[in-house]
Amino acid sequence: MKEEKNQFNSDRRNLLKTLGLASAAGMAGTFGNVSDLSASTRPASQPDYAKAVAPVRIRSVKAIATAPSGPNLIVVKIETTEPGLYGLGCATFTQRAAAVVTAINGYLNDFCVGKDVDNIEDMWQSFYVSSYWRNGPVLNNALSGMDQALWDIKGKRANMPVYQLLGGKARFSIPCYVHADAKTAEGVADNVQRLMSEGYKHIRIQQGLYGATQLAQQPDFKDAKYGAANDGFMDQQSYIDSVPKLFDFVRKKCGDDVELCHDIHERLEPMDAINMIKKLEDYRPLFLEDPFSPENMGWFKQLRQTTTVPIAMGELFNNINEFREPMVKKWFDYIRCHISQIGGITQAMKIARLGEWFNVRTIWHGPSDTSPVGHAANCHVDLAIWNFGLQEVGGGNFTDKLKEVFPGCPSIGKGYVNINDQPGLGVDINEKEAAKYPIKSGRGGWIVRKRDGTVIRP
Ligand code: MG
């Protein structure tokens, strides 16, 4: 009898706890009184959909560094107080990967631990100003990774893919462009034809790497032993001559049923870039990318008065404010930026919405130095916004090694990049596999010089 009474009291306590009525019951005195509460004073039971918003806090943050397909990739992993619930975000800055790892493990972790995972905007704004000096690469990469990981967690908590939380689909899938690079114009055209046969309708053509650096002969500065052994050389005039010839060759060989684009990579003198772009008008490029370095934004006025070739810009921008004036002044047609640098999904959505007001469309940066988590973040935004333009998938496809390290990795078919419908960003990481591919130093390889050894700004 005593056991039965104890069981009843225990059941009663649990029920009251569940209903959140412990204090009311204490005042009422008996269980029976609780059921007598009038409808107006009876607390409503919490509906299932609201239960998902119970506070969950951050337990730890760490960087995972891996290079399964060559380029250094950095992923932020945020673990929570909810068992098994974690989020992943891409923080890749391939040339300074070790610095980003330090920013994540040394600073982001301290900042995040104990905080509520739900308040993404507040977390973004707080971390942004937490170091006083701000708005540069490395810390921005850490911040972008945090932001994506929090969206991943939010999606998992809501049991929805992130694009649903951003408003749902504005298109059934995501048209993408890939790269047809080769040393010769013939090689580029062959690659374009192969990619067209695989279903691609948008292809970037690039001969001899950026600025045709592979085409250059031994430069004078190398003979003089100036600079480092692995510094690149670009002969700007041969590049300027080669690009219209490349477009002419590819258009004649591959026809008009393909959209062609090209990346200048900011490596020309501004007026030379303008003159070269003008010569490409007859070949109907889809867009020319990065005509000027960010230091030369003032040249856009001249460019727009001179040619109507569509322009993509913004890959090296660090902050959404850098887009404001160019959009108002209609200086370019496509937004190019690295979501894992500009501030994550939260900032990408703001830039995209700003672009909608001016009919400027998106082409998020998506080369092979973006992790599959970052590619997925690009794609979730791509699906949800109206002013989507195109998506770069630089590697052309995701390698088997990438798929092993990143289960749920996006896939490409018939010129579209596709993501799964799992809750969150839909991409996981196998940390054991990731550890098999350590990152490299990333030093060098990005310095390109003129014939006399002057450094060229990308
Ligand atoms: Mg570029």
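Because the structure is predicted, anything quoted here is derived from the model rather than measured.

Student: I keep staring at the packing of helix H7 (residues 139–158) against helix H16 (residues 344–357) and nothing clicks. Help me out?
Tutor: The contact between H7 and H16 brings their axes to 6 Å, and the two run at 95°. Viewed along their axes, H7 and H16 adopt a mutual orientation that is roughly perpendicular. Residues Leu143, Ser144, Asp147, Gln148 and Trp151 of H7 touch H16, and the partners they reach there are Gly344, Ile345 and Thr346.

Student: I would appreciate a short explanation of helix H12 (residues 270–279) in the present structure.
Tutor: Because an α-helix packs 3.6 residues into every turn, residues spaced three or four apart end up facing the same way. Residues of H12 that are buried include every one of Ala273, Ile274, Met276 and Ile277, and no others. Along the axis of H12, the buried positions cluster into a sector of 170°, meaning they face one direction only. Here the buried face of H12 lies against helix H11 (236–254), strand S8 (287–289) and helix H13 (300–306).

Student: Sorry, what's going on with the sheet that holds strand S3 (residues 86–90) here?
Tutor: Backbone-to-backbone hydrogen bonds join strands into a sheet, with any given pair of strands oriented parallel or antiparallel. On the basis of which strands lie adjacent, the open sheet formed by three strands has the order S1-S2-S3 and antiparallel pairing. The outermost strands of the open sheet, each flanked by one partner alone, are strand S1 (58–66) and S3. For this sheet, the mean inter-axis angle between neighbouring strands, taken without regard to orientation, is 20°. Sheet strands touched by H7: strand S2 (73–80) and S3. Its angle to S3, the strand with the most contacts, is close to 140°.

Student: So what exactly am I meant to see when it comes to the environment of serine 371 here?
Tutor: For serine 371, the location among the structural elements is in the loop between strand S11 (361–362) and helix H17 (372–384). Residues serine 371 and serine 340, spaced 31 residues apart in sequence, show a C-alpha to C-alpha distance of 9.3 Å. If sequence neighbours within four positions are ignored, serine 371 has contacts with Leu73, Val75, Cys90, Thr92 and Phe406.

Student: Where do I start with H17 in this structure?
Tutor: For H17, spanning 13 residues, the distance from its first C-alpha to its last is 18 Å, which sits close to the expected 18 Å at 1.5 Å a residue. For H17, the tally of buried residues reaches 13 of 13 residues, placing the bulk of the element in the interior.

Student: I would appreciate a short explanation of the pairing of strand S5 (residues 202–207) in the present structure.
Tutor: Two faces belong to every sheet, and in a regular strand the side chains alternate between them. Most of S5 sits inside the fold, with six of its six residues counted as buried. As paired elements, strand S4 (residues 174–182) and S5 share five bridges and run parallel to each other. Bridged to histidine 179 within S5 is arginine 204. After leaving S4, the chain enters helix H9 (residues 185–197) and then returns to the sheet as S5, a path that is right-handed.

Student: What is the right way to look at the sheet that holds strand S16 (residues 455–456) in this model?
Tutor: The strand order S6-S15-S16 describes an open sheet built from three strands, whose pairing is mixed. Across the chains shown, the open sheet's two edge strands, defined by having one partner strand only, are strand S6 (232–233) and S16. As judged from the two bridges shared by strand S15 (residues 448–449) and S16, these two strands associate in the antiparallel manner. The residue of S16 that forms the bridge with valine 448 is isoleucine 456.

Student: How should I be thinking about the packing of helix H6 (residues 120–129) against H7 in this particular structure?
Tutor: For any two helices packed against each other, the geometry is given by the interaxial angle and the distance between the axes. For the pair H6 and H7, the least separation of the axes is 10 Å and the interaxial angle reads 165°. Overall, the two elements H6 and H7 adopt an arrangement that is roughly antiparallel. Crossing of H6 against H7: the hand is right-handed. On H7, the residues that touch Ile120, Met123, Trp124, Phe127 and Tyr128 of H6 are Leu143, Met146, Asp147, Leu150, Trp151 and Lys154.

What counts, and where the lines are drawn
- Residues numbered from 1 in each chain as written.
- Predicted model: local features only at pLDDT ≥ 70, side-chain atom pairs only at ≥ 80, totals over all residues.
- Axes fitted to C-alpha atoms, helices over the stretch in contact; angles between N-to-C directions.
- Helix = DSSP H or I, 4+ residues; strand = E, 2+ residues; numbered from the N terminus.
- Parallel < 35°, antiparallel > 145°, perpendicular 65-115°, else oblique.
- Contact = placed C-beta atoms within 7 Å.
- Buried ≥ 20, exposed ≤ 12 C-beta atoms within 10 Å, placed from the backbone.
- Arc of directions from axis to C-beta.
- Pairing = 2+ DSSP bridges.
- Expected span 1.5 Å × (residues − 1).
- Right-handed = clockwise from strand over helix to strand, strands pointing away.
- Left-handed = near helix turned anticlockwise from the far one by under 90°.

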